[in-house]
Amino acid sequence: MLRFLVRRTLGAVVILFLLSIVTFLLFFGMPRDPALLMCGKTCNPTSLANIHHVLGLDKSIPEQYGIFLKNLVLGSNQFAQGPCPAPCFGYSYHTNDPVWSTMMDRLPTTVSLTLGSAVIFLFVGLGTGMLSAWRRGTLLDKSVTAGSMVVGSLQIYFIGPLLLSLLVYQSHLFDKPAYNNFTADPVAWFTGLIIPWVVLSTIFASQYTRMARSAMIEQLQEEHVRTARAKGMSRRYVFFRYAWRGSLIPIVTIFGIDLGSLLGGAIITEFTFGLPGLGMLAVQSVQFSDLPLLLGVMLFSAAMILLFNIIVDACYAFIDPRVRLS
């Protein structure tokens, strides 16, 4: 197991390295010059050349990438704004703030949005999926399946404004969604994120409902489950003791990918509700051609996905003994 985890970790580092190269090269394919955005209305060739020099844009692309990679691993004392400890992504072209500090300031919003919605869509999705499999072929099963397909076809940019209009602006049942520090005011933190949690979890819950139903039905047809039933064990005991654990493998796999992706920034949800998370930061970095921010958010998002993939692989052995034996 240790050898496997070390191998996967080294592979993740290589993937992050390749992703940083691709992102860096894609940025230079953008038509806008970040120096022009910082130069202002009174821009002249001298000022523009000075900004290029300060930002290091007057160097070749390989040189710029080499400096970025070195700063990321070792940190740097070469910035005019002050020392930048590792992991150093540099300073934002737009706000002149440290990229790592900016991302860490936005991270609590994204973590709160992700974990809250994950609790909802796991509880609702797995619960309805297992219930549908338990009552397979009945009206309840057909209703749950049809409902999940209808809800799954909806989109966040449709459900979000609709709930805002109904629950906030017309009925005034809720305040406008906003992020509040949990330690400062837990109640305001909870009420401010209810609508984004519901909207984000709605799409995922329908997916997990169908997945849990299919996985459970498949497990109920396995030989070890039928053998347990033949030995006289109750249907309820076999359902939760044998079939339940086996059905978790595909669900845990998808959940790890989804959780890692959301922790990298739920872009559409954060943009819809104006939440200052990593997703909103990614949009702003593209709008302002902010290379340090763009690279920082991209690499952090990729690192989250890779990290949770490794965690999921490590969890397989604890979920299903057959994986441990193989």
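Residues numbered from 1 in each chain as written. Predicted model: local features only at pLDDT ≥ 70, side-chain atom pairs only at ≥ 80, totals over all residues. Heavy atoms only, no water.

Peer 1: Where do I start with the packing of helix α9 (residues 223-230) against helix α10 (residues 235-263) in this structure?
Peer 2: For any two helices packed against each other, the geometry comes down to the angle between their axes and how far apart the axes lie. Interaxial distance between α9 and α10 falls to 10 Å at its minimum, and their mutual angle equals 150 degrees. One element, α9, and the other, α10, form an angle in the roughly antiparallel class. Where α9 crosses over α10, the handedness of that crossing is right-handed. Along the contact surface, α9 presents H224, V225, A228 and R229, while α10 presents R235, V238, Y242 and A243. Residues belonging to the contact of α9 with α10 are distributed by class as follows: five nonpolar, one polar and two charged. (Axes fitted to C-alpha atoms, helices over the stretch in contact; angles between N-to-C directions. Helix = DSSP H or I, 4+ residues; strand = E, 2+ residues; numbered from the N terminus. Parallel < 35°, antiparallel > 145°, perpendicular 65-115°, else oblique. Left-handed = near helix turned anticlockwise from the far one by under 90°. Contact = heavy atoms within 4.5 Å. Nonpolar A, V, L, I, M, F, W, Y, C, P; charged D, E, K, R; others polar.)

Peer 1: Help me understand the state of the cysteines, please; the structure alone is not making it clear to me.
Peer 2: Under the counting rule described, the total for this entry stands at one disulfide. Between the sulfur atoms of C84 and its disulfide mate C88 the distance is 2.1 Å. When the S-S torsion is 110 degrees, as for the bridge of C84 with C88, the disulfide is right-handed. The exposure class of C88 is buried, given its relative accessible area of 1%. (Disulfide = S-S within 2.5 Å. Buried < 20%, exposed > 50% of the residue type's maximum accessible area, 1.4 Å probe, protein only.)

Peer 1: Sorry if this is basic, but what is going on with the confidence of the model for the protein here?
Peer 2: The predicted structure's coordinates, where accompanied by low pLDDT, should not be read in detail. Mean pLDDT over the protein works out to 82, with 93% of the residues at or above the 70 mark. Helix α5 (residues 99-134) holds the highest mean pLDDT among the elements of the protein, 90, whereas helix α14 (residues 321-325) holds the lowest, 55. (pLDDT = per-residue confidence, 0-100.)

Peer 1: Explanation requested: the nonpolar core in the structure shown.
Peer 2: Across soluble globular proteins, nonpolar side chains show a tendency to be buried alongside one another. Within the largest apolar cluster, 60 residues are counted, with the highest numbers of intra-cluster contacts made by F68, M103, F121, V199 and L200. If one sorts the elements of this core by residue count, helix α8 (residues 186-220) sits on top with 13 residues. Ignoring anything within four residues of it in the chain, the contact list for L200 reads L113, S117, I156, L262, A266 and T269. Counting five residues, the second-largest nonpolar core is a separate cluster that includes L248, I249, V252 and Y316. (Core = buried A, V, L, I, M, F, W, Y, C linked by side-chain atoms within 4.5 Å.)

Peer 1: What is the right way to look at the side chain of S76 in this model?
Peer 2: The topology assignment puts S76 in the loop between α4 (61-74) and α5. Setting aside anything within four residues of it in sequence, one finds S76 in contact with N71, P83 and C84.

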